[in-house]
Structure formats: structure tokens, C-alpha cells
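What follows is each chain in one-letter form.
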Amino acid sequence: MPLDPSQRRAATCDAPVQLTLAGPGSGKTSTLTGRFIHLVRQGVDPRRILAVTFTKKAVEEMRQRISAALPDLLPKQLEIFTFHGFAYRCLRRNPAAAGLPSTIQLWDTQEQRTVFSKRRMYWNEDEDILDIIGSAKERLLDARTFEAALSRGDEVGRSAVEFFRVYEEALNRAGAIDFADMVPRLVQAMDRDPHYGGSIVRAYDHLLVDEYQDVNPGQNLLISHFVRAGVQLWAVGDDDQTLYAFRASDVEYILNFQERYPGSQVHILDRNYRSAPGIVQTAKKLICKNAGRVDKDYSAVNQGPSDIVVRGYSTPVVEARQVAAAISQLISKGVKPRQIAVLYRSGTIGIHFQAALRALDIPFEVRGAGDFWQSSPAKLFVGSLYYLRDPRSTAALEKMGTGKRGDITRERLDLIDRRTRLNFQSSCAHVQRIVGEALPIRASGRERAEWESIVDGVAMLAASCSSVEELEARMAEQIQATKRPHANSVVLSTVHSAKGLEWDTVFLVGLEDGVMPHGNSTDIEEERRVAYVAITRAKRRLTLTYAAERFGTKSDPSPFLFEMHHREVIWTGPNMAGADSRLPLVSLGERAQLATKRSHPTSGPTARRSSREPSSSGSGPWTSREDTRLQAAYASSSSLEEMSLILKRSPDEIVSRLVALKFLPTRNPDEALLAEYLRRSLR
Ligand SMILES: Nc1ncnc2c1ncn2[C@@H]1O[C@H](COP(=O)(O)OP(=O)(O)OP(=O)(O)O)[C@@H](O)[C@H]1O
């Protein structure tokens, strides 16, 4: 595939430090490969080009593409690595430089956890202690500097300090390292001994970095070592796709590239080869709401049609059922299962979809949901079952912890009689109730609901088992299934695990306020990037769904749905007649409606309005709360009368406000006509 002019310019530029910034589907990986090929054709020894990325899959893909373009090169001549893989190779080649024994012991997760279980230290918080320690190390912190950097109210962080100290000590005593140590240990050794540092960087003339937006502090320092030594840096990334703040990656590195490297060259790729124009427009409308980004425009090369539909359903079960029915219809029309993905913000949301697809015999694979089965409520569930069978078992103690939550759960389990304990299914029923309630009083409604839904998910699985061992085996199977790809199946995936991939049809589900954006997140821009990455995976068909209740409480559509809405998007809400039997695909009638809208560009609810905004009249100015409710009611396609009833405002006021909020075109001189239009277009 030949590079386009912008890609070629970026791939062949001679500047010593360069960044190619580009949106989704712009061929960033192709351009990086093109850069490698260009350098080799210019006479650079391929062994002096180091290319780094983040996943083994990306390494493999890059290796294959380069080998295909340069068949004379032997694969072992290619210096392509993940950051961790590169650091580990350097450490193994010269362990003494990093103060390590000649045979490096690399601890896996099991060995890491043994440090705590051997000392009977049990961690009770939701965020995994190993993630907390790993993320701190990637930020180049040790237990002491981690403690010093904690903010005042960070209770979880404070309880993590002791675990960090003990862990650090055990690791040092064993002379071992873990995954998160690799890059920091290498960088520290390079800092300490410039001669050693020089021996690493001088092996190369060029450094190519993929997915630059995801670099963390350690990786950033490693890159700086190369640049300071005069190695040419060529990086590619998309600031709008930074998703790993929780793993210490920082969007600032890509945003401040030119300040960090004065005189560096930045290229922008301005085409999207993946998605149809309507999908590109939807994505751009959303992401432009982020302030912390580089404003870069791009347009769709693929000029084919796109179907974009938003559907609201009454419940998550109905939402999953209708999505599965739509998938079944697409498959019956010849779409391959592997061309379809169902994406969601967190693993819990995916559970109903597994059941719904299974009911229709649709093959699927689950990605990125391992967390669900390893979460605190899931562990507490299994631990409680072990406890009921044998209160002194190590498995019970290990899984339930020694904290307050474990103690209260044990106290309640102690009240269960012996006969019940001997029956696995009765034990499960009690554990489901007790663990379902084992939340701190301060937990928010949403946290409670998420917790309960995980407990219910484990109980669902337990219903088909006859012992706790069998339940554990089934849970392990679920985690394994996430790692074993099938040839031709629908993908169910968290958005984070869908990064870099593309499908003909994407169903982005659970689009409610509190789910996406996530209720616990304080970084709305990162949440918006998550939604952006999800919708930009779609080539032709994009379906966005939400439910009017989630986790047993009423929910509103995600604010992102309002932000990305435009006239090519069909939106039906859960209050409409027949809402629950609508498929989340554009119907024939809706297609005709869209065609009419296109032929009358100035009419319709989302058409451009004039700058004159009539103010609302009647019962006083609108509050922001009223506006939010009006937006939600409008988005759920309530009729004018319904909106009027909900908001206790006259239909006239509703219309005026919808105009002021840019949901309707300029007030039509014939008010009755406009109201009628509104009614008909929403019904
Ligand atoms: N010059 C080109 N001509 C035709 N197709 C192209 C070109 N460059 C890239 N493509 C195609 O565009 C699609 C997206 O490419 P790629 O996955 O490399 O983009 P990306 O920028 O890495 O995407 P993202 O960041 O969204 O994951 C692929 O199907 C690729 O084959």
C-alpha cells in the first residue's frame, strides 16, 4: 500500500527529532513502517534502527509489515521491541550495571502475591495493590518517595505504603525484579554510569516510537537518553487516544513535545482511511470538546455511506437482547461475525451481552474483562464459600482479607447453620446476599450497584456449579477465554482492549451518565477519549445504546451522546412507543427520513440555526438543572406534551428553549407548524 503525500512527507523527512501527530485510522503504523523502509533504502544499516512500541502484538505486526516490504532482511536483524522487552534485554546482557545478580529472577504475579500471603498481609481495597505499586514504579517512585508524594486525603495510598515497603524489601532480598522495574532499573543504571548509558544508545542511529501518547515517565527518560546522544528520534501518536493515565502514561509528553525538544519537526496526517464520513464527523464533534489536545483536522477518504443510530431501551437486559438480535440479523445478511464488535466502558456491562449472544448461538470472544472475575467482590464471594466449608482454610483467609470488610462478612457467615453450609447452592444464596451487602456505608449508589452486579454475575456462574472448586475453575476459564482468540467470532471488549483495532460494525453500549463517563472518574477528558477511541473503531456502522436504568437505579443518557449528536444520527429514546422492540440498526423508515433531511438541509431538529436566539418566556429563566432535564427528555424523544409535563413549562417555552439550546432551528414564524414538526420527527 503506497503512502499518501502527507504520510510520505512524514516518513522521509530528515529532521533529527520528529513527531507525527495524527487522528484515528490515519495510517500511523503504516507510516512508521514506511519510515523504517525509507531509512533502509537510504542505506541505513537496519540493525542500527531501534523501533519500540507497547504490546507484543504491535511488535509482531510491525515485524511482519517490514519483513514483507524488505524480504532480504532476516527477522533477527530487526531491532523491534516493546519498551519492556528492550529494557529487559539490556538488563540481561549486563545485569551488574543495574546492580542485579548474573541470573536475573523475574517475578510473575503469583510470586509477587506470595510476598503478602506469606506474611498474612491481606489487601482489602478495590484497586489491586500490585497495580498501585507497579504504577508508582513506572512513575519512578520507590516506597519512600511514593509516601512523600501522597496527597492529604489519599487513604488508600497511605495504606499501600506499608505493602510497598515490604514488597520492595522482599524483592531486593531476593535480588529479583518485576515487570514494572524493567525500564526504571535500566534508566537508573544509565543515569548512574554514563559509560554504560553510552554503550546502549550508541548501538543505534535511529529510534522509532509508536503510540507515543502512552509513554510514561520512565519511558520518557529512556527516550531522552537516546536524543541527548544524537540518535534521531521519530515518534508517532495521537494525543486524543491517551487512555492509560491510571498506568502512569501522561498526555503532556505528546502535547509538550516541541518544548521538550526545541527545533523538532511535527507532521500532521489529515486523512482517515478507516471510517465513513458520518462516523468521522461524529468522532470529531465529540473530541473537540476536550481542551487538553492539539486541534488537528482530518477528513474521511472512504466516502461510503454510514449508519449511525442511538437507541435507548428500558433495561440493560432488553438492550443486550436487542443488540444480539441486530447482530443476528447482520450475520444473516452476510456480515462476518469477526467484523462486529460490542464495546463497553467496564467489564460488568458486558455480562448481559454474553448471555444474549449465547441465547442466539452467536459465536463470540471476550476481551479485556479478566478484571471482573478478579475484582474484590468476586474474590470475597469465593473466599466466603471456602470459609463456610472450612473457616480456617488458607484460601478463605487469602481471598477475604483480614480487614474490616472480611471481619464483618465472617461474622455474618458464622450465623449460617451447618446444614446450609453442606449444600453448595444454599451456601451460594447466602453468600450472594451477605457479600452483596458488604460495602462501606460511604459507598455511592453507583458503586453499590456495580458491586452488586459483580456479585450477581458470580452467583449466575455458581448456579451451574456444584462446588467452590468448580466455580473457581469456571472463573479461570472465563479469564482464559479472554486470552484465546477465535477465528470468526463477534468481539465483546472493553474499550481499552479495543485500541488499535477496527471493525465494520461497532455497538458501543451502556452509554449512560455514570457508566461512560464513569462515575468514579475525575478526569472527564480521559473519559471522552475513551468514548472517542470506541467510536473511531467503526468503519461503516456505529450503534450507540443506553438503558433507562442500570444497576437497579434510573439512569440518564451519557452527556457524550448530546455532544456528538448531529443531523445524520438517528436517535430514539426508551419512552417511545415500541422502543424495546426496535433493533439498534437504522430501519427503512429512518433511512427515508434521513434522505428527506438531506434534501431539506435547513429543516429538522438539528439543522443550523440563526444567531438570533429568542429567550424563554413565561415562568422565569431556565435553570441549568432544567436544561439538563430538557436535554434528556428531548434525547429520549419525549413528545412536546411529555416535555411540557415533565418540566412544568408551556409547550411554547419548551420550543423556545430548544431553539436557544441549538436543538431546533430558528423559531419558525408558524409556531404550530414547528411544534407539529417536532412532534412528528420525534415520534
Ligand atoms: N495510504 C493509505 N492508503 C490506503 N489505506 C490506508 C493508507 N494508510 C492506512 N490505510 C488503512 O487505514 C486503516 C487504518 O490504518 P492504521 O490502523 O495504520 O491507522 P492508525 O492511525 O494506526 O489507527 P488508530 O490510531 O485509530 O488505531 C487500515 O485499514 C490501513 O490499511
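Every chain begins its residue count from 1, and numbering advances along the sequence as written. Since the coordinates come from a predicted model, pLDDT governs what is reported: local features require at least 70, and pairs of side-chain atoms require 80 or more to be given and counted, while whole-chain, interface and lining totals use all residues. Just so you know, side-chain values use all the structure's heavy atoms and leave hydrogens and water out.

K.L.:
Can you break down the nonpolar core residue by residue, with the values?
P.N.:
Take the buried residues of types Ala, Val, Leu, Ile, Met, Phe, Trp, Tyr and Cys, join any two whose side-chain atoms come within 4.5 Å, and each joined set is a nonpolar core. Throughout, exposure labels follow a simple rule: accessible area from a 1.4 Å probe, protein chains only, divided by the maximum for the residue type, with under 20% read as buried, over 50% as exposed, and the rest as partly exposed. Membership of the largest hydrophobic core comes to 46 residues, with the highest contact counts inside it found for L343, L508 and L544. Starting at the N terminus, helices and strands are each numbered in turn, a helix being any DSSP run of H or I of at least four residues and a strand any DSSP run of E of at least two. In terms of residue count, helix α25 (residues 524-535) provides more of this core than any other element does, 6 residues in total. Once you skip the residues sitting within four places of it in the chain, L343 turns out to touch S493, V495, A498, W503, V506, F507, L508, V509, A534 and R537. Counting 43 residues, the second-largest nonpolar core is a separate cluster that includes V52, I177, M190 and Y212. Contact definition: two residues touch when any of their heavy atoms are within 4.5 Å.

K.L.:
Mind laying out the pattern of salt bridges, listing which residues take part and the relevant values?
P.N.:
We define a salt bridge as a side-chain nitrogen of Lys or Arg found within 4 Å of a carboxyl oxygen belonging to Asp or Glu. Tallied over the full model, the rule gives 36 salt bridges. We note a salt bridge from R591 to D307, for which the minimum N-O separation is 2.9 Å. Residue R591 is located in helix α27 (residues 588-599), and its partner D307 is located in strand β11 (residues 307-313); the two are separated by 284 residues in the primary sequence. The partner of E626 in a salt bridge is R649, and the shortest N-O contact between them spans 2.9 Å.

K.L.:
Before we move on, could you go through the packing of helix α18 (residues 376-389) against helix α22 (residues 424-436) and cite the residues and values that matter?
P.N.:
Between two packed helices, the angle of one axis relative to the other and the distance separating the axes together describe the packing. The contact between α18 and α22 brings their axes to 10 Å, and the two run at 135 degrees. It follows that α18 is oblique to α22 by the angle criterion. Relative to α22, α18 is oriented so that their crossing is right-handed. On α22, the residues that touch P377, L380, F381, S384, L385 and L388 of α18 are F424, S427, C428, V431, Q432 and V435. Amino acids are sorted into nonpolar (Ala, Val, Leu, Ile, Met, Phe, Trp, Tyr, Cys and Pro), charged (Asp, Glu, Lys and Arg) and polar (every other residue, Gly among them). In terms of residue class, the contact of α18 with α22 is built from 9 nonpolar, 3 polar and no charged. Here an angle of 0 to 180 degrees is reported between the N-to-C directions of two axes, which are lines fitted to C-alpha atoms, with helices fitted over the stretch in contact. When describing relative orientation, an angle under 35 degrees is termed roughly parallel and one over 145 degrees roughly antiparallel, while 65 to 115 degrees is termed roughly perpendicular and anything else oblique. Here a crossing is taken to be left-handed if its near helix is turned anticlockwise relative to the far helix by less than a right angle, and right-handed if that turn runs clockwise.

K.L.:
Report on the environment of S587, specifying residues and quantitative values.
P.N.:
By the element assignment, S587 lies in the loop between β19 (570-572) and α27. Residue S587 is classed as partly exposed on the basis of its relative accessible area, which comes to 33%. Put simply, S587 and D307 are 280 residues apart on the chain and 9.9 Å apart in space, counted from C-alpha to C-alpha.

K.L.:
Account for the sheet that holds strand β6 (residues 206-209), naming residues and giving values.
P.N.:
Strand pairing requires that DSSP identify at least two bridges connecting the strands. The 6 strands lie next to each other as β3-β2-β6-β7-β1-β8, forming an open sheet whose pairing is parallel. Edge positions in the sheet fall to β3 (79-82) and β8 (265-269), since each has one partner strand and no second. Recorded for the sheet is a direction-independent mean angle of 15 degrees between the axes of neighbouring strands. When strand β1 (residues 17-22) meets β8, the two strands line up parallel, connected through 5 bridges. Paired with L21 across the two strands is I268, which belongs to β8. Of the strands in this sheet, β1, β2 (49-53), β6 and β7 (232-237) touch helix α11 (residues 217-228), which is tilted by about 150 degrees from β6.

K.L.:
Hey, could you go over helix α5 (residues 109-118) for me, with residue numbers and the actual values?
P.N.:
Of all the positions in α5, only Q112, V115 and F116 are classed as buried. Projected down its long axis, α5 shows its buried positions confined to an angular sector of 85 degrees, all on one face. Facing away from the buried side of α5, by more than 90 degrees, are the exposed residues Q110 and K118. Taken together, the buried residues of α5 touch α6 (129-138) and α8 (155-174). Note on α5: the residue one or two positions beyond its end, R120, has a positive phi of about 55 degrees. Starting at the helix axis, one direction is taken to each C-beta atom, and the arc is that of these directions.

K.L.:
Can you break down the side chain of S555 residue by residue, with the values?
P.N.:
Topologically, S555 is positioned in the loop between β18 (553-554) and α26 (559-564). Judged by its relative accessible area of 7%, S555 falls in the buried class. N or O atoms within 3.5 Å of each other form a polar contact, as long as, within protein, one can give a hydrogen and the other can take it, and as long as residues adjacent in sequence are counted only when both atoms are side-chain atoms. A distance of 3.4 Å separates a polar side-chain atom of S555 from the backbone nitrogen of E549. Aside from chain neighbours lying at most four places away, what touches S555 is E512, A547, A548, E549 and R550.

K.L.:
An account of the confidence of the model for the protein chain is needed here, citing residue identities and associated values.
P.N.:
When pLDDT is averaged along the protein chain, the result is 85, and 89% of the positions lie at 70 or above. Overall, residues 668-674 carries pLDDT values under 50, and its contacts beyond four positions in sequence, including any with other chains, amount to 6 contacts. Summary of the metric used: pLDDT quantifies the predictor's per-residue confidence within the range 0 to 100.

K.L.:
Any chance you could break down the pairing of β3 for me, citing the residues and the numbers?
P.N.:
On a regular strand, each side chain points to the face opposite its neighbour's, so the side chains alternate between the two faces of the sheet. Side chains E79 and F81 project from β3 onto one buried face, and the interleaved I80 and T82 project onto a second face that is buried too. Here β2 runs beside β3; their pairing, made up of 4 bridges, is parallel. Within β3, the position partnered with V52 by the bridge is F81. Taken together, β2, helix α3 (residues 56-69) and β3 constitute a β-α-β crossover, and its handedness is right-handed. Consider the strands pointing away from the viewer: the crossover is right-handed when the path from the first strand over the helix to the second runs clockwise.

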